[in-house]
Amino acid sequence: MIDESLLDSPEGLAEADRRGLLRGAAEAGARVRTAARYAAEAGVHDLKPDGRPRAVLIAGPGAAATQTADLLGTLAGAGSPVTRLAPTGVAPAAGALRWELPGWAGSVDLLLIATPDGTEPGLSLLSEQAYRRGCTVVAVAPARTPLADAVNGSHGLFVPMATAPYEQDEQEEPLASSAPGALWALLTPLLALLDRTGLLTAPPDALEKVADRLDRIAERCGPAIAIYNNPAKTLAAELADSLPVVWTEGTSAGPAGRRFAAALAELSGNPAVVAELPEALGVHSALLAGPLAARANPDDFFRDRVEELPALHTRVVLLRDRPIGGLTAAPAARELALSHDTPISELEPEEGGELETLAELIAVTDFAAVYLALTSGA
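Residues numbered from 1 in each chain as written. Predicted model: local features only at pLDDT ≥ 70, side-chain atom pairs only at ≥ 80, totals over all residues. Heavy atoms only, no water.

Draft legend 1. Just the overall build of the chain, in detail. A tally of regular secondary structure across the chain gives 15 helices and 9 strands. The burial tally for the chain puts 52% of its 378 residues in the buried class. Put simply, 78% of the contacts in the chain that link residues at least 6 apart link residues at least 24 apart. Accessible surface, the chain: about 16100 Å² in total, of which carbon and sulfur atoms supply 54%. (Helix = DSSP H or I, 4+ residues; strand = E, 2+ residues; numbered from the N terminus. Buried < 20%, exposed > 50% of the residue type's maximum accessible area, 1.4 Å probe, protein only. Contact = heavy atoms within 4.5 Å. Areas by Shrake-Rupley, 256 points an atom, 1.4 Å probe, with all protein chains shown as cover.)

Written out as structure tokens, the structure reads:
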């Protein structure tokens, strides 16, 4: 359950924000600009690659690295396969994780390391292994960490991660890997790098437009904006006591939906399921008709409303990155949801480039996940 009254109390939200989540969401645009500057200072724009790499391998711990790999793979398309190297280990702690290169990896492949930590021994060992294999290594991590020394010692390219002082010094709790600031700090330099290799299109002016779009969303979704004018607060209130069924349509909406589900789980402890249209209509049709359906378990007149928690029911969240019209499964999605008395929330970004629309979907859902976390006491 959430405290909806807290949504319209900026002071209360600020007091509850012990992890700096709202600040991270509000500073996303500034984080993109800082990260782009760090990439330029590291020499990314001066690179003269011989051609596209055969494959791009991405390694790193936690949700931020996983989502970075998902986004880059989606944006790069079929130009070069983008593969995330999953870690092995006995625990999720940094020191217990290990990464291994595939047996076929060699001099025509590119290894990207993305981590908000930088102290993982396994990533330093991976950098050294890649150097021996002849792989090109690029890492984004906090400056002055063991990984920075390892990459520089292996003649790789190291880009310092754009961090804020409160992430190390002021916050009462450790920064979550799904926190809004971490994603953009890791993703932006790698977008600039893959633009230089020709795998995707992300020139400096496109990244500046992304930062501008993130700034506008921060103004619309900030804690001082009331619920009725704030799409993120509205979505958070709608998802109270609900199981979010996230449906996505369009290429870049897919990773945005998967990030939203991961952020809900990590930041607020709320489960969610996600699938892409039109396959989602078949995959989740039984879910909408099952015991979690909105029409299931109707309100019992004799239920103790003080002692018993409200029943959890499904709510569809439709994320789209294409304008209404043309070939779309959205009408069928609405019809399926409404036929089961399932409420539906829809988010569709304003017009713009692929990176801008993707940034808007991520930013609004990031704010929504943060509001759910703060109002639920997570």
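Draft legend 2. Representation of the layout of surface pockets in the model. In this structure, the second largest pocket occupies an estimated 390 Å³ of space. Contributions of two or more residues to the lining of the second largest pocket are made by strand E4 (136–141) and helix H8 (180–197). By residue class, the composition of the lining of the second largest pocket is 9 nonpolar, 6 polar and 5 charged. (1 Å grid on protein atoms, 1.4 Å probe; cavity = no way out; pocket = protein on both sides within 12 Å on 5 of 7 lines; lining within 4 Å. Points joined across faces, edges and corners; volume = space filled by probe spheres on them. Nonpolar A, V, L, I, M, F, W, Y, C, P; charged D, E, K, R; others polar.)

Draft legend 3. Expanded view of the pairing of strand E8 (residues 313–320). Summarising burial for E8: 8 of the 8 residues are buried, a large majority. Burial of the side chains of E8 extends over both faces: His-313, Arg-315, Val-317 and Leu-319 are buried on one face and Thr-314, Val-316, Leu-318 and Arg-320 on the other. Where strand E6 (residues 242–249) and E8 come together, 8 bridges link them in parallel fashion. Within E8, the residue paired with Ser-242 across the bridge is His-313. With 4 bridges connecting them, E8 and strand E9 (residues 344–347) associate as parallel partners. (Pairing = 2+ DSSP bridges.)

Draft legend 4. Fine view of the sheet that holds E6. Sheet architecture is open: 4 strands sit in the order E7-E6-E8-E9, paired in parallel fashion. With one partner strand each, in any of the chains shown, strand E7 (273–276) and E9 form the two edges of the open sheet. The average undirected angle you get between the axes of adjacent strands in this sheet is 20°. Two strands pair when backbone bridges link them, and E6 and E7 are joined in this way by 4 bridges, in the parallel orientation. Each residue of the ladder has a partner; that of Val-245, found in E7, is Val-273. Of the strands in this sheet, E6, E8 and E9 are in contact with helix H10 (residues 231–238), which crosses E9 at around 155°. (Axes fitted to C-alpha atoms, helices over the stretch in contact; angles between N-to-C directions.)

Draft legend 5. Geometry of the pattern of salt bridges. Per the stated rule, a full pass over the model turns up 17 salt bridges. Linking Asp-366 and Arg-259 is a salt bridge whose minimum nitrogen-to-oxygen distance equals 3.0 Å. Here the residue Asp-366 occupies a position in helix H15 (residues 354–375), and Arg-259 occupies one in helix H11 (residues 253–268), the gap between them amounting to 107 residues. Each of the two residues, Asp-366 as well as Arg-259, counts as buried. Put simply, Arg-33, Glu-208, Asp-212 and Asp-215 are held in one network by salt bridges that share partners. (Salt bridge = Lys/Arg side-chain N within 4 Å of Asp/Glu carboxyl O.)

Draft legend 6. Focus on the packing of helix H4 (residues 62–76) against H11. Two elements in contact, H4 and H11, have axes whose closest approach is 10 Å; the angle formed by their N-to-C orientations is 170°. Judged by the inter-axis angle, H4 sits roughly antiparallel to H11. Here Ala-63, Gln-67, Asp-70, Leu-71 and Thr-74 of H4 come into contact with H11, specifically with Pro-255, Arg-258, Arg-259, Ala-262 and Glu-266. Looking at the contact of H4 with H11 residue by residue, the classes come out as 4 nonpolar, 2 polar and 4 charged. (Parallel < 35°, antiparallel > 145°, perpendicular 65-115°, else oblique.)

Draft legend 7. The environment of Ile-225, seen in detail. Within the secondary structure, Ile-225 is located in the loop between helix H9 (204–221) and H10. Considered as a pair, Ile-225 and Ser-9 are 216 residues apart in the sequence and their alpha carbons are 9.6 Å apart. Ile-225 has contacts with Asp-8, Glu-219, Arg-220, Asn-230 and Lys-233, leaving out every residue within four places of it along the chain.

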